[in-house]
Structure formats: structure tokens, C-alpha cells
Amino acid sequence: MTFLYLYIAPILYMYITLFTLYFIILAFMSTRPSKKIRDKYTPKDSNICVVVYATGKVNTLDNLIKQLKNQNYPKQNYTIYAILDKCTDVSDVTLQTETNVNVISVDNMEPIGKSQAYSIIAEKLYEVPNLDAYLFLDAKNYVDIDFLANVNYYLTKSDVFNPMINYLPQENKLTIWQNMKSMYSRYCDKFIKLSRTKLGLTNIIDTNAFVIKKDILNKIADFNFRDIFSEVNYTLKLAKEGVKVDFIDDLKVYTSIDNFEFRIPSLTKRIALLWNNFFKVNGILPKEFLLSLAVPNWLTSFIGYVVLLNATIIPIFNVIDSSFVFITSLILILAFCVSLMAPKFYPNEFLYLALYPAYSIWRMIYNFPPIRGIRNIIKQTTRKHVIETMTTEVIVTDGTREFRCQMEMISDDGLAKVTFINNGKKYTTKNNHLRMIDAVRELTTKLKDYGLTLKVCQCCKYFQPVVDGSTNMVKGCCNCQFQGRTPGDIIPTLIWNTCPNYEEQNIIPLF
């Protein structure tokens, strides 16, 4: 206890005081009105590559592509790339009929992820001479008709920037939890991010929507967006090159409140990054960015002031003047009140923001490791385990002979696996898949390692999958123009069927 009050308290007071000073500067900058730009005229229309990333179940991709194609921006000055990373409910056939949309459909065993998807485009277009910038968007977003025109204008002001993400209301009224998250996100955007941009400081890049000039991207080279903390590392790479990430509140992107993400890395990870890199980097921009990572959250600040006030109350350990602590805390409260003017909340929205600390505490308790472990145990013991199986006869060939085998399709709580049975010997696919079509593909890949081909409709060049909204996607139709077939008729089939007209499809893998 003596060590705490004599040594830790002064360090804690210095830490809290520096944070208070930083917060005051941000509050002062938030009071400075932003310039309202009426005419976003630029002498040059930049050539922009728009990269849309979609993975899993994405039902907003078609709408976003339509909005991008209808921009009031010269068609010859932008190109759209849609990366479909194992999408389960979007048909790339529709997209490929559009001449100005380039579709890259990735159908590996597992999703390749946003980092590798973006790297594919960066490498593909590395030597394109007239390309000026990249615009990266998640498929869950929506944009206005003048979005690219605004991007073109802000490219004259910034090398890398994030638009402001607005959360669209749902058909029904938002829940109290959604309102609290939405208000807190708006507060961080309109106060912290915007104030840092006004000060000429960098913000953490948001990979849900960002713009970067091509020469900057070529200099940084690689992407590594595994999680939110990896975005912090990428921002540090940019800062080392003297490049800051601006936040443009006048540039809007819209998304559903259901897609809200807390883009705030944990304080412990941020301080660890500061500790490991502060003396290794040169320049004001990266050093300031690292220091900003140590800014405490509201709970840390509250606990810090409680400890300091406790230290001033005990006379024997009174190493800090209580008046300084009270003055610092009052100034911080005043600066916070000033910061509330930046987002321009309505009265009821202030209430939601005031309730956010309660939500934050509840989330910490809910995700506390012991409680999370107990919750997972209860979930596993109370959940009904649903397993469905179906066995069918299949043919396997080595090119000269054919072997009759069995294929057992397994749905385990909605996740698909396949068991291959030959003369009593069984092989089960190692991965769980969302679709049965992917589980069969894993099996065919394994058989090819032994020089064997599975003769089922899914592997036939005449097979065309039918997207019917189901998760398994086992339906399709046969396009074989056999003798006597009526022109224009549709012959339905399933992925495990086969017929004498089977011909192996010629697959050229992306990787």
C-alpha cells in the first residue's frame, strides 16, 4: 500500500493529467467549425479502382454494385472489382453479365480473408500506369450517387482517408442497445476522429471503407487485416512513411446497425504496441500515434481519479495536493461537456450516450473469462445436437477403370461433411462447411491427390448450380445437349447424381 501511494500515485497523476490536456486540445479543436464546401470542383477526374469485398452471406452486394454503376462520375474513370470470397447467397453469373464489373470468385476450402483478397487486386494492378487510387468497400455498405465525385475531390486533400459510416435505421425501431452503440460511435467519429484530423494527426484506418492512393499502397506493399488490432499496425506502417489517415465526415457511407463493430482495440494491446515500438520509430507522426494509443478509456480515467483522490485523503501518504486533483478532474469534466457539442445530439440521444457506460460494463462482465466459460458450458449442455445423414451410390474412376463406392453426406447442426466409403474403408472430410457443395469439393480434391475422379454432377462440366436460398446448395440443372433433348427445357438434378454423359469440368484454380 505504501508503495502504491508513494510511487504509483504520482505516475498515475501525470498520466491522467497528460490525458486531460490531450482531451482539452481535442475539445478546443471540435469547436472550430469545419469549412462547408459547396462546390467540389477539381480540374482532374482521378482514375479510381473500386474494390468490393464480399464473404459469407451477403445480401447487399447487388444493391451496392448497382449504386456504384450509377455514380455521377465519368464511367471511363473508374473500374469495379467484386471479390466474392465464398459467398453463399450471391450469384456471380449476374455480375459477370455486366461489362464494367470485374468479378473474382474465390472458392477455396475456407475464405481467404480480406487481406489476401485486397492483395490480389494490388498485385494485379501494380503496374497499371494511369491508376490513381483505390477505394475499398465491404459489401455490407451503401453509398450515395455522388460518392465517387466526393472521393475524387478529397483525393486532392489527403492520401489516405476514411469516410464517415452512418448507421441506417431498420424497418422496426432500434433497440436501446443499438441506440447506445450508434450514439457512441457517432460521438467518437464527430469528436475524436474529426478533431485529430483538424490537428493534422492520424486516425486508425477502418478497413470497412477507406481510400488510398496507389503510390502509397505500392510503398506499404502488404495488407494484414486479420482483426481490428491489425488495423492499428497498418496505421503505424503508414505513419512511419509520414502518411496520415484522415477522417472525412462530409464523405458518407451507410450500413445497417446490425453490422456495427466496436473498432476500439483493447487498452492492454495498445500499450504493449507503444512499449515495443516507441523508441524504434522516428518522426513526430508515428510517435504521437503511439502515444495516443495509451489514452485511457472512461473506466480507466474514473478508476485513476478514485485512486488519486484516495491518496490525497490519507494524510500520511499525501504526496499529491488534493486541489490539483480536483482542478484536473473539473477541467476534464468541462472538456467532456464541450466535446458533446461536436456530434450535435438531440436530447434523447444524450440519454443513450449517458447510458453507454452501463452497457460497456455489462459487456465486460458478460465476456469475463470465467463467466464466458460457464456460458459456453451451459450452451453446449442445453443445445440439442441435430445430425442428419444421407448415403448415395457414386462412381469413382482412375481414367481406365470405374469403381462403385458410397458417399455419405452429413449435416451436423447445419455444418456439412462428407464420408467416402469404399470396400468398408471410410474417409471423412476434415473441415466443417456451410454448404454441402463445398464439402463434396473437399472430397474431390482429396481423391485427385490419389489420381481418382469422382463422377458426380457437381464435377461435370454440364452442371449449373441453382441458387435457391438454401445453405446447402445441393440443387442444379443439366446443360448437356444430348440427342433428343427439347430446346429450352430445364432438367433439374442434384450435386451427387451422375449419368453416362458425364464429362469432367476443366477447372483453373485462382491460386
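Residues numbered from 1 in each chain as written. Predicted model: local features only at pLDDT ≥ 70, side-chain atom pairs only at ≥ 80, totals over all residues. Heavy atoms only, no water.

A. Inspection of the state of the cysteines at higher detail. Using the criterion set out here, one finds 0 disulfides in the structure. Unpaired in terms of disulfides, cysteine 477 finds its nearest cysteine sulfur in cysteine 478, a separation of 7.9 Å. Exposure remark for cysteine 477: the relative accessible area of 13% places this residue in the buried category. The closest cysteine sulfur to the non-disulfide-bonded cysteine 499 is located on cysteine 478, 5.6 Å from its own sulfur. You can call cysteine 499 partly exposed: its relative accessible area is 35%. (Disulfide = S-S within 2.5 Å. Buried < 20%, exposed > 50% of the residue type's maximum accessible area, 1.4 Å probe, protein only.)

B. Molecular detail of the packing of aromatic side chains. Taken as a whole, this structure holds 16 aromatic pairs when the rule is applied. Centroid distance phenylalanine 19 to phenylalanine 23: 5.8 Å. Interplanar angle 55 degrees. Geometry classified as tilted. Taken together, the residues span about one helical turn, with phenylalanine 19 and phenylalanine 23 both in helix H1 (residues 2-30) at a distance of 4 residues. Of the residues examined, phenylalanine 19 reaches a relative accessible area of 10% and is grouped as buried. With a centroid separation of 3.9 Å and an interplanar angle of 5 degrees, the aromatic rings of tyrosine 184 and tyrosine 356 are classed as stacked. With tyrosine 184 in helix H6 (residues 176-198) and tyrosine 356 in helix H13 (residues 347-366), the pair connects residues that are 172 residues apart, well separated along the chain. (Phe/Tyr/Trp six-rings, centres within 6.5 Å; stacked < 30°, edge-to-face > 60°. Helix = DSSP H or I, 4+ residues; strand = E, 2+ residues; numbered from the N terminus.)

C. Local environment of the pairing of strand E6 (residues 160-168). Bridging between E6 and strand E7 (residues 209-213) involves 2 bridges; their strand directions are antiparallel. Bridge pairing links phenylalanine 161 to valine 211 in E7. (Pairing = 2+ DSSP bridges.)

Keep in mind these values describe shape, not function.
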